[in-house]
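Given next are the chains, with one letter for each unit.
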Amino acid sequence: MALYVQKFGGTSVGSVDRIKAVAEKVKGFRDQGHQVVVVVSAMSGETNRLTEMANALNEDPAPREMDMLLSTGEQVTISLLAMALQQAGVAATSHTGAQVGIHTDSAYTKARIQRIETEDLKADLDAGQVVVVAGFQGVDEDGNITTLGRGGSDTTGVALAAALGADECQIYTDVDGVYTTDPRVCSKAQRLSNITVEEMLELSSLGSKILQIRAVEFAGKYNVPLRVLSSFEDGPGTLIVAEADKDEDSMEEPLISGIAFTKNEAKLTLLNTPDVPGVASRILGPIADANIEVDMIVQNVAPAGDYTDFTFTVAKGDYKATKKLLEETVIPGLGGGELRGDDNIAKVSLVGVGMRSHAGVASKMFRVLADENVNIRMVSTSEIKISVVIDEKHMELAVNALHKAFGLDKSDIESE
């Protein structure tokens, strides 16, 4: 007998019929003698519906009241799923985040889990119950309902798995695993049998929307086996593992496990910036103070005492605000300079732990893009990642060319 924590997202519980299908899937595990904790999101579209109603009443609703409102979406789902399980002959009880003992800080709309009390939950499991838990929510020390931010149900699932010492945390979604890249962009994308936590973190941060980053971090920190599966079809999915857990019998580790991409970035360049100590802080400090995150940064080399160009990227949604801040605050403070911006860019990234032991990945990437006449505007690297900024119109061409060049087109790809 094993203990599984299973998380089902909004599309998986998006209708009464789908909730019945989830109940049947859970019943299958329970009939095999396993203990099961089920974490569910709100039904697809419900969080958006509640947010729209709030904004229609108040353009700037209090975060505490937003958490109170949005937490009701999951409460509907847990009760319906518990009813469906009971109808299917499975003993089940539903619990809100507060009832199951998920304690958080008081950072409304983006709370962080501090501790989980598992005594009552374990008692229900030992009594033969399937425990259905509302994802995305908890309670602070003053008894206020809090939420963990968009995608927080993933974090709830992994946190409960860690607290309970579960054999596996299973994330059920509308895809059947983690792919080498988005199949909607590259038709030859292949499902990975497994991938490391490090690689999954990079892919998530670089544009892959399969898992919330915090959930992957939690899994890595507490060594929780994490598997991505489809709610709508059977299959082994993709297992996310610590690097040390990978198959030691594998003869050769692939260089690249996946290709991530995003169009959600914009590039800004300050021309003729004084090349003096502290200039980067004078540019980026006001941007950080405005709570705008900067991604890639490039500063050109200039003769001592001369001028240089300073380029960086931000989220596309922050482009106008950043541009205005540079024009009104930063440039006057620097004594001048010319500003250029471009919000028609894309970032394409290669990710793979195999880069650690193989040279030449960057040069091969650049050669492939050059052969396709794709101009590289910025480059950023880490131990297991290489990212380039290119024109948005070339993104799909670049992804498909790189996918083929690094051998990801072949079938039965395994990140081993």
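These numbers were taken from a predicted model, which means no experiment stands behind them.

Enquirer: Give me the lowdown on the UniProt feature "binding site: ATP" (unreviewed entry) in the chain, citing residues and values where you can.
Expert: In the UniProt entry, the feature "binding site: ATP" (unreviewed entry) is given for Lys7, Phe8, Gly9, Gly10, Thr173, Asp174, Tyr179 and Arg184. These residues run over 178 residues, and the two farthest C-alpha atoms among them are 24.3 Å apart, placing them at more than one spot. Residues contacting phenylalanine 8, with those up to four places away along its chain left out, are Val13, Val22, Lys25, Val26, Val38, Val39, Val40, Ser41, Tyr172 and Ser231. Looking at where threonine 173 falls in the secondary structure, it is placed in strand 9 (residues 168–173). Once residues lying within four places of it in the same chain are set aside, the contact partners of threonine 173 are Ser12, Val228, Leu229, Ser230, Ser231 and Phe232.

Enquirer: Could you give an account of the side chain of glutamine 137, with specific residues and numbers?
Expert: By secondary structure assignment, the location of glutamine 137 is in strand 7 (residues 137–139). Glutamine 137 gets classed as buried once you look at its relative accessible area, which sits at 3%. A polar contact is formed between the side chain of glutamine 137 and the backbone oxygen of serine 71, at a distance of 3.1 Å. Within polar-contact distance, the side chain of glutamine 137 engages the backbone nitrogen of glycine 97 at 3.1 Å. Ignoring anything within four residues of it in the chain, the contact list for glutamine 137 reads Ser71, Glu74, Thr96, Gly97, Ile102, Thr146, Thr147, Leu148 and Thr156.

Enquirer: Go over unusual backbone geometry, please, and point to the residues and values.
Expert: Backbone geometry at threonine 109 places phi at a positive 75 degrees, although glycine is not the residue there. Of note, threonine 109 is situated in the loop between strand 4 (102–104) and strand 5 (113–116). If you check the backbone angles, asparagine 272 has positive phi at about 55 degrees while not being a glycine. With respect to the element layout, asparagine 272 can be found in strand 14 (residues 265–274). On the accessibility criterion, asparagine 272 (46% relative accessible area) is partly exposed.

Enquirer: I'd love a proper account of the sheet that holds strand 9, names of residues and values included.
Expert: Strands sit in the order 3-6-2-1-9-11-12-10 across an open sheet of eight strands; the sheet is mixed. A single partner strand is all that each edge strand has here, and the edge strands are strand 3 (92–95) and strand 10 (194–196). The average angle at which neighbouring strand axes cross in this sheet is 20 degrees, direction not considered. Bridging between strand 1 (residues 3–8) and strand 2 (residues 35–40) involves six bridges; their strand directions are parallel. Looking at strand 2, one finds that glutamine 6 is bridged to valine 38.

Here is what the cut-offs are and how they apply
In this convention, every chain numbers its residues from 1, walking through the sequence in written order. Restriction of local features to residues with pLDDT of at least 70 applies here, the model being predicted, together with a cutoff of 80 or more for giving and counting side-chain atom pairs; totals for whole chains, interfaces and linings are based on all residues. Values shown for side chains rest on all heavy atoms present in the structure; no hydrogens or waters enter the calculation. UniProt positions are given in the numbering used here, feature names are shortened, and annotations may be inferred rather than shown by experiment. For this analysis, residues touch if any pair of their heavy atoms sits within 4.5 Å. In DSSP terms, a helix is any run of H or I states spanning at least four residues, a strand is any run of E spanning at least two, and both are numbered starting from the N terminus. Each residue's exposure class comes from its accessible area (1.4 Å probe, protein chains only) as a fraction of the maximum for that residue type: buried when under 20%, exposed when over 50%, partly exposed otherwise. Counting of polar contacts relies on pairs of N or O atoms within 3.5 Å, with two restrictions inside protein: one atom must be capable of donating a hydrogen and the other of accepting it, and residues adjacent in sequence are counted only when both atoms are side-chain atoms. Pairs of strands are assigned from DSSP output, requiring at least two bridges between the strands. Every axis corresponds to a line fitted to the C-alpha atoms, with the helix fit spanning only the stretch in contact, and the corresponding angles, defined between N-to-C directions, vary from 0 to 180 degrees.

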